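# What the coordinates show
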Amino acid sequence: NAGVTQTPKFRVLKTGQSMTLLCAQDMNHEYMYWYRQDPGMGLRLIHYSVGEGTTAKGEVPDGYNVSRLKKQNFLLGLESAAPSQTSVYFCASTLGGAVVNTEAFFGQGTRLTVV
Amino acid sequence: GESVGLHLPTLSVQEGDNSIINCAYSNSASDYFIWYKQESGKGPQFIIDIRSNMDKRQGQRVTVLLNKTVKHLSLQIAATQPGDSAVYFCAEKATGNQFYFGTGTSLTVIP
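First, a word on scope: everything that follows refers to the structure included in this document.

Scoring rules and cut-offs
Residues numbered from 1 in each chain as written. Chains lettered and ligands numbered in written order. Predicted model: local features only at pLDDT ≥ 70, side-chain atom pairs only at ≥ 80, totals over all residues. Heavy atoms only, no water. 1 Å grid on protein atoms, 1.4 Å probe; cavity = no way out; pocket = protein on both sides within 12 Å on 5 of 7 lines; lining within 4 Å. Points joined across faces, edges and corners; volume = space filled by probe spheres on them. Helix = DSSP H or I, 4+ residues; strand = E, 2+ residues; numbered from the N terminus. Nonpolar A, V, L, I, M, F, W, Y, C, P; charged D, E, K, R; others polar. Buried < 20%, exposed > 50% of the residue type's maximum accessible area, 1.4 Å probe, protein only. Pairing = 2+ DSSP bridges. Disulfide = S-S within 2.5 Å. Core = buried A, V, L, I, M, F, W, Y, C linked by side-chain atoms within 4.5 Å. Contact = heavy atoms within 4.5 Å. Axes fitted to C-alpha atoms, helices over the stretch in contact; angles between N-to-C directions.

### Considerations on the layout of surface pockets
Considering only enclosed or pocket space, the largest pocket measures out at about 520 Å³ in volume. Along the wall of the largest pocket there are 25 residues; nearest its centre are Gln37, Val88, Phe90 and Arg111 of chain A together with Gln38 of chain B. Breaking the lining of the largest pocket down by element, the ones donating at least two residues are strand E9 (87-94) and strand E11 (110-114) of chain A together with strand E9 (86-94) of chain B. In terms of residues, the lining of the largest pocket owes the most to one element, E9 of chain A, which gives three residues. Of the residues contributing to the lining of the largest pocket, the split by class is seven nonpolar, 13 polar and five charged. In this structure, the second largest pocket encloses a volume near 190 Å³. For the second largest pocket, the full set of lining residues is Lys37, Gln45, Phe46, Ile47, Gln60, Arg61, Val62, Ile77, Asp84 and Tyr88 of chain B.

### Details of the pairing of strand E10 (residues 98-101) of chain B
Residue and element names in this part refer to chain B. Of the two faces of E10, both are covered, the one formed by Gln98 and Tyr100 as well as the one formed by Phe99 and Phe101. Relative to E10, E9 runs antiparallel, the two sharing four bridges. Counterpart to Lys93 in the pairing with E10 is Phe99.

### A word on the state of the cysteines
Tallied over the entire structure, the rule returns two disulfides over all chains. Each disulfide pairs two cysteine sulfurs, and for Cys23 of chain A the partner residue is Cys91 of chain A, the sulfurs being separated by 1.9 Å. A torsion of -75° about the S-S bond marks the disulfide between Cys23 of chain A and Cys91 of chain A as left-handed. Taken as a pair, Cys23 of chain A in strand E3 (residues 19-25) and Cys91 of chain A in strand E9 lie far apart in primary sequence, 68 residues in all. With a sulfur-sulfur separation of 1.8 Å, Cys23 of chain B is cross-linked through a disulfide to Cys90 of chain B. Taking the torsion about the sulfur-sulfur bond, which here is approximately 55°, the covalent link between Cys23 of chain B and Cys90 of chain B counts as right-handed. With a gap of 67 residues between them, Cys23 of chain B in strand E3 (residues 19-25) and Cys90 of chain B in strand E9 connect regions that are remote in the sequence. For Cys23 of chain B, a relative accessible area of 1% translates into the label buried.

### Concerning the nonpolar core
Residues and elements named next belong to chain B. By size, the foremost hydrophobic cluster in this structure holds 20 residues, and its most contacted members are Trp35, Leu73, Leu75, Tyr88 and Leu107. Looking at this core, the elements that each hand over two or more residues are strand E2 (10-14), E3, strand E4 (32-38), strand E5 (45-51), strand E7 (62-67), strand E8 (72-77), E9 and strand E11 (105-110). When near neighbours in sequence (up to four residues on either side) are disregarded, Leu107 contacts Leu11, Val13, Ser19, Ile77, Thr80, Asp84, Ser85, Ala86 and Tyr88.

### Here we look at unusual backbone geometry
Between Thr7 of chain A and the following residue, Pro8 of chain A, the backbone shows a cis peptide bond with an omega angle of -5°. A positive phi angle, near 55°, is found at Lys71 of chain B, a position not held by glycine. Position of Lys71 of chain B among the secondary structure elements: in the loop between E7 and E8. Even without being glycine, Ala79 of chain B reaches a positive phi, approximately 50°. For Ala79 of chain B, a relative accessible area of 35% corresponds to the partly exposed category.

### Concerning the sheet that holds strand E1 (residues 4-7) of chain A
All names here are of chain A. Spatial ordering of the open sheet is given by E1-E3-E8-E7, a layout of four strands whose pairing is antiparallel. With partners counted over all chains shown, the strands left at the sheet margins are E1 and strand E7 (65-67), one partner each. Averaged over neighbouring strand pairs, the angle between their axes works out to 20° when direction is ignored. Across four bridges, E1 lies against E3 in antiparallel orientation. Among the inter-strand pairings, Thr5 is bridged to a residue of E3, identified as Ala24.

Listed below in structure tokens is the structure:
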């Protein structure tokens, strides 16, 4: 049981390049989230998904797109990377469903640098 | 959007002492409040949560207190150990199962 796995762990992009971050969970969780973490700003919600085929915007969605084609995967895309997107990105998942569940399981993070 | 903030960005305590980490929130409609611990180089890890209709909840060496009158949340760690050194985040659960995090408090335990 690996929990939440993010790939890649590190990446350097040039301004204007595109990339996709992959998040995979093996806990059969309904809800998945993408956060970014910047110094002194905590974690900010980018996008989230409450189930396969659904996505919604969080606090800071601009410049990012997401897809949830399979229940276990949640992809975060950057179409045209900007230096302001330099950050550590975390994926998380929660059980979801009818019972309220507040325990989010996080991946190890992806450190992205845009030069 | 949501607003969750912390009073102190850093906290240093002696090993064996109790630690208190504070958090202020702004959304009265949040139904749960959660504390997470993040060790260096790792993702946040769930510690404890409290429902908005409760004032206090205890776990193993941790206690969370909720004061809805002043919109304040605190995490108390008893007999703080070196392994407790980490950044602690409070978070609130909003409608639609969205979680909003505070900026974090860095706890350093002095041996």
